[in-house]
Amino acid sequence: QVQLAESGGGLVQAGGSLRLSCAASGSSFSIVAMGWYRQAPGKQRELVAQMTSGGNTNYADSVKGRFTISRDSAKNTVYLQMSSLKPEDTAVYYCNTEALITTYPYKKNYWGQGTQVTVSS
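This report concerns the structure included in the present document. Everything numeric in this text was worked out from a predicted model, so none of it was measured.

### Section: the packing of aromatic side chains
Logical step 1: Overall, the coordinates contain one aromatic pair when judged by the stated rule.
Logical step 2: Measuring from centroid to centroid gives 4.9 Å for tyrosine 37 and tryptophan 111, while their planes differ by 65°, and the two rings are edge-to-face. Taken together, the residues span a long stretch of sequence, with tyrosine 37 in strand E4 (residues 29-39) and tryptophan 111 in strand E10 (residues 106-111) at a distance of 74 residues.
Logical step 3: The class of tryptophan 111 is partly exposed, set by a relative accessible area of 39%.
Logical step 4: Between arginine 19 and the ring centre of tyrosine 79, over which it is positioned, the NZ or CZ distance is 4.0 Å.
Logical step 5: Between lysine 108 and the ring centre of tyrosine 110, over which it is positioned, the NZ or CZ distance is 5.8 Å.

Structure (structure tokens):
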């Protein structure tokens, strides 16, 4: 019922910036929270940043001060502005949304397909 379209990944040098975007589409849903996770090879998926429908934000300690999450509620889109990138930020970044399915109603998490971010030193 919800599809997530991610974009903005790529290759960047250390100290550079990237902006990821994720747009949610579908029917009969409303967004409870949207955010970004990342997963590096051999590691578990971890939360990077998220924003609730009320505007509250949560960041991983490793990205505080460098990454900023924002949203365009009218477009059901969330952005992740990444600055001062480090090689350890290299991972596949996944968009995630917790959506309220309004026809039932119930909550469910949806995942994007992932976008690769590679930071070279």
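### Re the state of the cysteines
Logical step 1: Considering all chains together, one arrives at one disulfide under this definition.
Logical step 2: The side chain of cysteine 22 participates in a disulfide bridge whose partner is cysteine 95; the two sulfur atoms lie 2.0 Å from each other. Handedness here is read from the sign of the S-S torsion; for cysteine 22 and cysteine 95, about -85°, the answer is left-handed. Highlighted residues: cysteine 22 in strand E3 (residues 18-26) and cysteine 95 in strand E9 (residues 91-101), separated in sequence by 73 residues.

Here is what the cut-offs are and how they apply
Residues numbered from 1 in each chain as written. Predicted model: local features only at pLDDT ≥ 70, side-chain atom pairs only at ≥ 80, totals over all residues. Heavy atoms only, no water. Phe/Tyr/Trp six-rings, centres within 6.5 Å; stacked < 30°, edge-to-face > 60°. Helix = DSSP H or I, 4+ residues; strand = E, 2+ residues; numbered from the N terminus. Buried < 20%, exposed > 50% of the residue type's maximum accessible area, 1.4 Å probe, protein only. Lys NZ or Arg CZ within 6 Å of the ring centre and 35° of its normal. Disulfide = S-S within 2.5 Å.

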